[in-house]
Amino acid sequence: MKLLLAFLCLIASSLCQELEPIVLVHGGAGFTSDERDPEKFAGTKLAARMGFKALMETGSVLDAVEQAVRSMELNGGFNAGYGAVLTMNWTVEMDASIMDGRDLSAGCVSGVQDILHPISLARLVKDRTPHTFLSGEGLLDFARKQNVHILYPPGQMASERAKASLQNWLDSQAANPGNTEIFGEPGTVGAVAMDAFGNLAAATSTGGITGKYSGRVGDTPLLGSGTYADNRYGAVSTTGHGESIMKINLAKDIINRIAYLEMDVQNASMYSVEEMTELLDNTAGVIALDSQGNPGIYTSSGKMSWAYQRGDTIHYGIRPEDHFTEEA
């Protein structure tokens, strides 16, 4: 009997072998001047640290990705929260989503105005409603009932940098009508995380595209496009040209390559992004984790700031060839 119990314990131990927790973030894919690299590095490293700290303190991968994204929503150097770009009407309209890989539950929001942390509002939708996606007046009413702080007077989310970017975009229209380039502001921030037991989560938040129509919804709040998490296969957050990303469901395409083509997470990320870029002539970037916590990081946009913490080490970069490390 003792031998049998010892054998069963050995099997249970091997099945429940702990994995090494990780929090991986991105600060948006697209072109920025080299002078802004230190700002991007600082912001993504801080977000990875904040997410990892939350993971260690609460044990929740949802807390980890939420806190990582909140950190970047507070940073005017990113296109999310206070750094969000402006519509052609000079307003800020933000999108966000968060997903739990354990049960596929999620919260998604779009058109968020005058609220500093859209990602936390998405978390509330997931946790406190029977729905997955809220928008418009119903979302605002829900936010009020949840005592979410709504800034007053309206318009405080529009940063001076975002105003300058919109003015540059408007000035460009005479020479290049229909241009949708984001001037100096890569779109979207995101995070993915895994705990010691293989639980995964993903979160994404954005201000969208400079000069977008009021009411435009991009890929960020769409599950399978901007965000996806499934404990069986992996977690993904995307960034880049939203209209293209949503046409091929980029996040789920990466998950499917892992699940059904048995690709490793890096190759799945690379092939999905490159296929989108070739097919639709627009660029994207992704961060991903597989079910063992292996990271995938890839962009066709030239630059995408990223960072992750695992143990006592921070890894980070912004160009495809970058991979720097330092103590956390």
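Shown above is the structure to which this text applies.
Overview of the structure. Everything numeric here is computed off the predicted structure, so don't read it as measured data.

### A word on the nonpolar core
Residues Val25, Val109, Leu121 and Leu139 are the most contacted members of the largest nonpolar core, which totals 50 residues. With near-sequence residues (within four places) excluded, Val109 lies in contact with Met94, Asp95, Ala96, Pro118, Leu121, Ala122, Val125, Phe133, Leu134, Leu139 and Pro221. Of all hydrophobic cores here, the second largest spans 34 residues; its members include Ile22, Leu24, Val236 and Ala284.

### Considerations on the sheet that holds strand β7 (residues 227–230)
An order of β7-β8-β9-β10 is seen for the four strands of this open sheet, with the pairing classed as antiparallel. The open sheet has two edge strands, β7 and β10 (295–299), and neither has a second partner. When strand polarity is set aside, the average angle formed by the axes of neighbouring strands in this sheet is 10°. Contacting β7, β8 (234–240) and β9 (284–290), helix α8 (residues 250–260) crosses the sheet at an angle of about 145° to β8.

### Quick notes on the side chain of Glu73
Position of Glu73 among the secondary structure elements: in helix α3 (residues 61–73). Notably, Glu73 is buried but unbridged: the nearest opposite-charge side chain belongs to Arg70, and the N-O separation is 6.0 Å.

### A word on the side chain of Ser305
Take Ser305: it is sitting in strand β11 (residues 304–310). Excluding anything up to four places from it in sequence, Ser305 contacts Val25, His26, Gly27, Gly28, Lys40, Thr44, Phe78, Gly317 and Ile318.

### Here we look at helix α2 (residues 37–58)
In this model α2 runs 32 Å from its N-terminal to its C-terminal C-alpha over 22 residues, within 8% of the 32 Å that 1.5 Å per residue would give. Within the sequence span of α2, burial applies to Asp37, Lys40, Phe41, Gly43, Thr44, Lys45, Ala47, Ala48, Gly51, Phe52, Ala54 and Leu55. Buried residues along α2 sit in contact with β1 (22–29), α3, β5 (189–194), β11, β12 (313–317) and β13 (324–327). Immediately downstream of α2, the backbone of Gly59 shows phi near 75°, a positive value.

### Here's the deal with the sheet that holds β12
As summarised here, the arrangement of the nine strands in space is β4-β3-β2-β6-β5-β1-β11-β12-β13, forming an open sheet in which the pairing is mixed. With partners counted over all chains shown, the strands left at the sheet margins are β4 (133–135) and β13, one partner each. Taking the axes of each pair of neighbouring strands and ignoring which way they run, one obtains an average angle of 10° across the sheet. As judged from the five bridges shared by strand β2 (residues 94–100) and strand β3 (residues 106–112), these two strands associate in the antiparallel manner. Bridge pairing links Met94 to Val112 in β3. Its contacts with the sheet place α2 against β1, β5, β11, β12 and β13, and it is angled at close to 150° to β1. Taken strand by strand, helix α5 (residues 136–145) contacts β3 and β4, and its axis lies near 100° from that of β4.

Parameters and conventions
- Residues numbered from 1 in each chain as written.
- Predicted model: local features only at pLDDT ≥ 70, side-chain atom pairs only at ≥ 80, totals over all residues.
- Heavy atoms only, no water.
- Core = buried A, V, L, I, M, F, W, Y, C linked by side-chain atoms within 4.5 Å.
- Buried < 20%, exposed > 50% of the residue type's maximum accessible area, 1.4 Å probe, protein only.
- Contact = heavy atoms within 4.5 Å.
- Pairing = 2+ DSSP bridges.
- Helix = DSSP H or I, 4+ residues; strand = E, 2+ residues; numbered from the N terminus.
- Axes fitted to C-alpha atoms, helices over the stretch in contact; angles between N-to-C directions.
- Lys, Arg positive; Asp, Glu negative; His and termini not counted.
- Salt bridge = Lys/Arg side-chain N within 4 Å of Asp/Glu carboxyl O.
- Expected span 1.5 Å × (residues − 1).

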